[in-house]
Amino acid sequence: MSWGTELWDQYDNLAIHTNKGIEFLDKYANFIRDRLAIETEYATKLRRLVKNYQPKKKEEEDNEFTSCQAFRKVLNEISDLAGQREVVAESLQLQIIQGISLLSKTLRDERKKCLSNGTYLHQNLTTQLAALDRAKRNYEKAYRDSEKAVDNYKKADMDLNLSRAEVERYKNIMTAKIQQSDDAKNEYANQLQKSNNLQQQHYHELLPEVFNRLQELDEKRTRGIREFIIGAADVESSVAPIIARCLEGMVKAGESINEKEDSYKVIERYQSGFTPPSDIPFEDLSKLDTLDSSQESHFNHVQSSHLTVKGTISANKIKKRVGIFNIFGGNKEDFSDLPPNQRRKKLQAKIGELQQKIQQETAARDGLMKMKVVYEANSSLGNPMTVEGQLNESEHKLEKLKMDLKKYQGYLEKANQIPMANNSPQANRTSSMNNGHRSSRHSNGSTEDNNYDGDFQPDDAGSLSRSDSEDNVAQIQNGHNNNNNGSSASPESGLGTSHTSLPGSGHGSAHENAMGEDAYYETEMEPLQPLGTCRALYPFEATSEGSIPMNEGEELQVIEIDQGDGWTRVRRMNNSNGWDEGFVPTSYIECTLYA
């Protein structure tokens, strides 16, 4: 069925219909543009979302957990998903929007030509019909005039009063009118034939051709909309497999989460290496020997006369630890401020980092050496001396890295040699019986037999050095202080005159007094005033002199704040001696100082 046959008289309606069709095509184009904008905005917001939730540098240590790793994979998949939405938007722009714009322009131009041609055909037909109408009117007038002239001639011919000349005149007029009528008739007939031929051609050939062309344009528009809708769906389908893989990646990321593995990593990260406290022994007071009053008064005198070490806080001001303590102050390169297990992990990581740097620097040095050989073989390529400086610098860096590696390997070896501390401060605070003699617990956590006549020897078996550099203390003190008792030179080891070592008691005390206590310590007779309180965050076992054990959650008095060496001096009340005093790791406590 064609529009030219069926809709031969619907020129105006067809013009309106084709215009609405092209407007509908433009409407679909606007729809695709709006969808394109949504896709672009969606992709942009997805990328911004991924960026906002990317792990920060301070969160990098959490990346070892499977849940965090899975989340990072999900973020990567979301980023890929955003990329596919961008592909959809770009394809819609290139394939659909541009296609619709081109088709719409073509349809409008073709429709305009068709309508112009139809208008021209209508004007020609209208002009011919107007000529026919004029010819008909002329013929009608001429015919009436001829009839009137015939009647006038007949009347004149029957009138005997008129002359022959007068009758002849009427006859000539009649003849002329009849001729005019015949000419008008012939003109009318000719115009009628032309009008009929033109009208036949107009409605059966020319106008149907215009209408059929409009029909083709409208069908082309409809077919174009169908192709564009399918094309838009194909654009979506083309990225569907990639989107499906993104979703599969998210599922695999979720399935890769292992709660047992994460729990194990938590243990690896926070395990201190300490053992739980042992059972508290029963103290049978009936079997304890009664202390001699002179010994007890002498012991109390020892405690009251050696309360402080250099750098402790008096009631009025804070004094910095000076002298040999500066060797260790703030020096935590061996991670001695960490629990044993964490310390080993940090040292192993540091060793791995140094080994990697050594490999890189070795490769750089080898490259410079090869370059130098090439330059020496062919001086036109370059001057070997320009590489010499870089090669020396590389050798220096490599030597320093090897020294650091050896140093940290020594740290690790010493850390591995430290046995697992028995985290049982209750056991150390409990008085022990030794061969029927009563031993008194001092604030440094050591035990001493009261049968000794005031010569107290510190227990060095469990002494734990703060850093490996303490092994060099003997070299530093060479010629000044020869501490032969074997204790390490750390704040917790009681180097110099501690509050548990009497002047002149033991080898180390004699030599230290010979050096002059003003260089290292200030002795204060009055008890120290507390600066605040602290709460133990973790249990701590005093494995060396100068330190005291504590239980998790235990409340203590702060009598000296951390001077930069990682140790804080605290005090606790004790039923046997009245108080315990010593150092604990600053990282193990939470302090609340008085205003």
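Since the model is a prediction, treat every value here as computed from it, not as a measurement.

### Side note on the side chain of Glu77
Mapped onto the secondary structure, Glu77 falls in helix 3 (residues 66–158). For the buried Glu77, no salt bridge exists, and the shortest N-O distance to an oppositely charged side chain is 8.1 Å, to Arg245.

### What to know about helix 3
Relative to the 138 Å expected for 93 residues at 1.5 Å per residue, helix 3 spans 135 Å between its end C-alpha atoms, a close match to the ideal helical length. By the largest-angle criterion, Gln93 marks the main kink of helix 3, which is about 35 degrees.

### Some words on the layout of surface pockets
In this approach a probe as big as a water molecule rolls over the atoms, and the regions it shows empty are the leftover space. Taken as a whole, the second largest pocket encloses approximately 560 Å³ of empty space. Around the second largest pocket, the lining comprises 19 residues; the ones closest to its centre are Arg269, Tyr270, Leu338, Pro339 and Gln342. For the lining of the second largest pocket, the secondary structure elements donating two or more residues are helix 5 (259–270) and helix 7 (340–377). A total of 4 residues in the lining of the second largest pocket trace back to one element, the largest contributor, which is helix 7. Residues belonging to the lining of the second largest pocket are distributed by class as follows: 9 nonpolar, 4 polar and 6 charged.

### So, the pattern of salt bridges
All chains considered together, the criterion is met by 26 salt bridges. In this structure, Arg169 engages Glu166 in a salt bridge whose closest nitrogen and oxygen atoms are separated by 2.5 Å. Here Arg169 pairs with Glu166, and both are found in helix 4 (residues 164–255), just 3 residues apart, close to one helical turn. Judged by its relative accessible area of 28%, Glu166 is partly exposed.

### A few points about the nonpolar core
Counting 40 residues, the largest nonpolar core has Leu92 and Phe211 as the members making the most contacts within it. Elements represented by at least two residues in this core include exactly helix 2 (11–52), helix 3 and helix 4. For this core, the element with the highest residue contribution is helix 3, accounting for 15 residues.

### Description of the confidence of the model for the chain
Summary statistics for the chain give a mean pLDDT of 76 and a share of 73% for residues scoring 70 or more. Ignoring residues within four places in sequence, the model shows residues 290–331, a span with pLDDT below 50, making 108 contacts including any to other chains.

### Section: a nonpolar patch on the surface
A contiguous nonpolar surface patch, about 310 Å² in accessible area, is contributed by Leu49, Tyr53 and Phe71. Inspection of the secondary structure assignment puts Phe71 in helix 3. Residue classification places Phe71 among the partly exposed residues on the basis of a relative accessible area of 40%.

Cut-offs applied
- Residues numbered from 1 in each chain as written.
- Predicted model: local features only at pLDDT ≥ 70, side-chain atom pairs only at ≥ 80, totals over all residues.
- Heavy atoms only, no water.
- Helix = DSSP H or I, 4+ residues; strand = E, 2+ residues; numbered from the N terminus.
- Buried < 20%, exposed > 50% of the residue type's maximum accessible area, 1.4 Å probe, protein only.
- Lys, Arg positive; Asp, Glu negative; His and termini not counted.
- Salt bridge = Lys/Arg side-chain N within 4 Å of Asp/Glu carboxyl O.
- Expected span 1.5 Å × (residues − 1).
- Bend = angle between axes of the 7 residues up to and from the residue.
- 1 Å grid on protein atoms, 1.4 Å probe; cavity = no way out; pocket = protein on both sides within 12 Å on 5 of 7 lines; lining within 4 Å.
- Points joined across faces, edges and corners; volume = space filled by probe spheres on them.
- Nonpolar A, V, L, I, M, F, W, Y, C, P; charged D, E, K, R; others polar.
- Core = buried A, V, L, I, M, F, W, Y, C linked by side-chain atoms within 4.5 Å.
- pLDDT = per-residue confidence, 0-100.
- Contact = heavy atoms within 4.5 Å.
- Patch = residues over 30% accessible without salt bridge, like charges linked within 9 Å, V, L, I, M, F, W, Y side chains within 5 Å.
- Areas by Shrake-Rupley, 256 points an atom, 1.4 Å probe, with all protein chains shown as cover.

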